[in-house]
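The primary structure of each chain is shown beneath.
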Amino acid sequence: MKKRLFFLLYIFLYQQSIAQQHYADSLKQVSVAAKEDSSKVTALGLLSFYYSGLYPDSGVYYADRIIDFSKKNNYKYGEALGIIYKAYSILKQGDFTSGLKMAFKSLDLSKNLDEHRLYMLARSNRLIGETYAVSDPEKAFSYLYRSIDLEKQSGEYDDDSYRVYFTLAFTMLVQEKKDSALIFLKKGWDLFSTSKNKRNIDPYIVSGNVYRFSGDPKKAEAYFRQGIELGKKYNSIFYVAAINNDLGDFFADKGLRDSAIQYLHQCLFLSQQYHYKIFEMFSSNSLYSLYDSVSTDSTLKYMRIYVAVKDEIFSQEKMKQFETASFEEEKTETELANTKARYESRLRMYIVIGAAIVFLIVAFILFRNNRSKQKANILLAQQKEKLEVTLADLKSTQKQLIQSEKMASLGELTAGIAHEIQNPLNFVNNFSEVNNELIEELKSQKGKLKSEEQDELLNDIFQNNEKINHHGKRADAIVKGMLQHSRSSNGIKEPTDINALCDEYLRLSYHGLRAKDKSFNATIKTDFDPSIGNIKIIPQDIGRVILNLLTNAFYAVNEKKNASPGLAAQPYEPTVTVTTRRLGSPSGAGGKIEIKVSDNGNGIPQKVLDKIFQPFFTTKPTGQGTGLGLSLSYDIITKGHGGELKVETKENEGATFTILLTA
């Protein structure tokens, strides 16, 4: 099978699309009109490829013109490209030794290119891999895979890069690895489908042979038929000859002798006319085998043709030259590798010596600096001790300030609680005194009062006791509620009526300020959204935040009132507003809860607005604030509840603090 497939490699590797004669004429006109630059190289290169499939001598001629032009203009890239074109034409002439030498020459030139270096290295490696595909598959794989890697690195993708995968499919087929051949064949078709060069018939020839030897004759014949139709369409004589040879062997395998002879005769005729020595050799060999048992004259005729062409192409001398060229390149690569190894060895030795010298210098410097560092370490240790003492003092001071802030909040709560409890206690005292009077009256008039009058007095006493009990429970509830909200937080969230919480702390903060300043009065406005219901929060913490915001709001309006003139055109009316609202889904599923505390005080100056949530920053006079209230509130909302605390303010018009909590 390997011998049969050799001609396929020859077809595929060294022939690109051949167009009609007017295509060649157009290329000639372009090459004549082209400027003396890279465009001339491109035009001559296309001519070289065109003629390499018809008259390889002409292909060599145009490739030499590229090389001469490039050398004259010191155009190294063009010279390397011209050598590749020349290699393709020489290989079509059957001179594999010269072709391989040219391929290695292009590789050497490509290594020193300033432009398109990796791209040309990829093309040169691909050409060498294609040349080795039958004679040495392991070398072929090495060069072909190297070509793929270099092309990826270059980023310059050749429109014919699919060829490398069809070559890999072919080499797998030669080694009878049919499954691997099919895998590479599919990858080649994937790339070919995106290529602009749709004239190339190589994929159909390779596919036909892969399926031919993989046991799928229908697919094989279909690809051969498609290939021969395209060859005729584009007047690609090289391909027409190649596929005629293919179909001849295909029908010979099937035992269809007449069809096989027909296609082989056609291949031999075209090969002799256009000097395709490789096809002349294979078609004559196949015809010799077919006529061997039928016609002695024909057998002798085709045997002579086969022997003559084979000796011309594969003589012992030429094969020896081919092996010598390969060996010389391997020897060169080995010498380069040895030279590189010796250089690297010397370099490592110099590095070791240099490192030793550097080590000694560094050791001396380290030794000299070590004593200085010891002194520095002693000084640093002393400074560290001082800093630790200072840090401990700062932490102690911070704890005291935080405790001071908590005590200030507790003071506000205490004043509010006292006011809240005072009302029910007044009722208890009053009704107790009335009951005492009624009981005294009942005792003194017991014998004189009628039964109905006694019952009426007893009913009054009973009702008064009911009221005493009611207001006693009210006072008890107030105390329990205040204890609930003033105790230390346990960090556990629980369902809480946010509206009730806001209302409760609103009354406490207002009465707390009233307890300090009897002259203070303010208008309180509320707008609570009844659809909010209970939400999961830490009530003690949220209560402290609301109390802090309300205390600041009442402080702000009180400051503005005290600073306002007594007789103004429009008397100032201190106003604090608390609103709650559900944002998002009205059903209560998801969304956010918004709590706003607004005042119409003096507002916050813009220059300090960015600092109000910083610890220890306060706009209150010295001794009236710790600067921790808003900082702690911000941490409770953002860190403890994952919410937001924002502020909007206008100087002399007031401020609005907004709390956003997840429902």
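Only a predicted model underlies this, so the values are computations on that prediction, with no experimental measurement involved.

What counts as what
- Position numbers for residues start from 1 in each chain and track the written sequence from start to end.
- Local features in this predicted model are restricted to residues of pLDDT 70 or higher, and side-chain atom pairs are both shown and tallied only at a pLDDT of 80 or more, whereas totals for entire chains, interfaces and linings draw on every residue.
- Calculated side-chain values reflect all of the structure's heavy atoms, with hydrogen atoms and water omitted.
- We treat two strands as partners when DSSP finds at least two bridges between them.
- Numbering goes from the N terminus for both helices and strands, where a helix is a DSSP run of H or I of at least four residues and a strand is a run of E of at least two.
- A fitted line through C-alpha atoms represents every axis, and for helices the fit uses only the stretch in contact; the resulting angles, taken between N-to-C directions, go from 0 to 180 degrees.
- Contacts: residue pairs with any heavy atoms within 4.5 Å of one another.
- In this scheme, a residue with accessible area under 20% of its type's maximum is buried, one over 50% is exposed, and one in between is partly exposed, where area comes from a 1.4 Å probe on protein chains only.
- Only rings of Phe, Tyr and Trp enter the pairing, Trp through its six-membered ring, and a pair is recorded when the two centres are within 6.5 Å. The plane angle decides the type: under 30 degrees is stacked, over 60 is edge-to-face, the rest tilted.
- You can read pLDDT as the predictor saying how much it trusts each residue, on a scale of 0 to 100.

### Topic: the sheet that holds strand β5 (residues 592–599)
Here comes step 1: The 5 strands are arranged β2-β4-β5-β7-β6 in an open sheet whose pairing can be described as mixed. In this open sheet, the two strands that pair with only one neighbour each are β2 (523–527) and β6 (644–650). When strand polarity is set aside, the average angle formed by the axes of neighbouring strands in this sheet is 15°.
Here comes step 2: Both β2 and strand β4 (residues 575–583) contribute to a ladder of 5 bridges, which runs parallel. Bridged to Ile524 within β4 is Val576.
Here comes step 3: Against the sheet, helix α19 (residues 498–516) engages β2, β4 and β5, with an angle of about 170° to β4.

### Points about the pairing of β6
Here comes step 1: The side-chain alternation of β6 yields one buried face, formed by Leu645, Val647 and Thr649, and one unburied face, formed by Glu644, Lys646, Glu648 and Lys650.
Here comes step 2: Of the strand pairs in this sheet, β6 and strand β7 (residues 654–662) are connected by 7 bridges, and their pairing is antiparallel. Residue Glu648 lies in a different strand from β7, and its bridge partner there is Thr656.
Here comes step 3: Here β6 hands over to β7 after 3 residues, with Asn652 in that stretch at a positive phi of 70°.

### Re unusual backbone geometry
Trans is the prevailing form of peptide bonds, just as negative phi is the prevailing case for residues other than glycine.
Here comes step 1: The residue Asn74 is not glycine, and still its phi comes out positive at about 55°.
Here comes step 2: Within the secondary structure, Asn74 is located in the loop between α4 (56–72) and α5 (76–92).
Here comes step 3: With a phi close to 70°, Asn652 is a non-glycine residue in the positive phi region.
Here comes step 4: Mapped onto the secondary structure, Asn652 falls in the loop between β6 and β7.
Here comes step 5: Assessed through its relative accessible area of 55%, Asn652 is described here as exposed.

### Brief notes about the packing of aromatic side chains
Here comes step 1: Under the definition given, this model contains 21 aromatic pairs.
Here comes step 2: Centroid distance Tyr510 to Phe520: 6.0 Å. Interplanar angle 55°. Geometry classified as tilted. Note that Tyr510 is positioned in helix α19 and Phe520 in the loop between α19 and β2, a separation of 10 residues in sequence.
Here comes step 3: Residue Tyr510 is classed as buried on the basis of its relative accessible area of 13%.

### Comments concerning the environment of Phe184
Here comes step 1: Among the secondary structure elements, Phe184 is positioned in helix α10 (residues 178–192).
Here comes step 2: Separated by 20 residues in sequence, Phe184 and Val164 have C-alpha atoms that sit 9.2 Å apart.
Here comes step 3: When sequence neighbours within four positions are dropped, the list of residues in contact with Phe184 reads Tyr145, Tyr165, Leu168, Ala169 and Met172.

### Some thoughts on the confidence of the model for the chain
Here comes step 1: Averaged over all residues, the pLDDT of the chain equals 78, while 78% of them reach at least 70.
Here comes step 2: For the chain, helix α1 (residues 2–13) is the element with the lowest average pLDDT, namely 44, and β5 is the one with the highest, namely 94.
Here comes step 3: Across residues 2–20, confidence stays below pLDDT 50; counting only partners more than four residues off in sequence or on other chains, it has 94 contacts.

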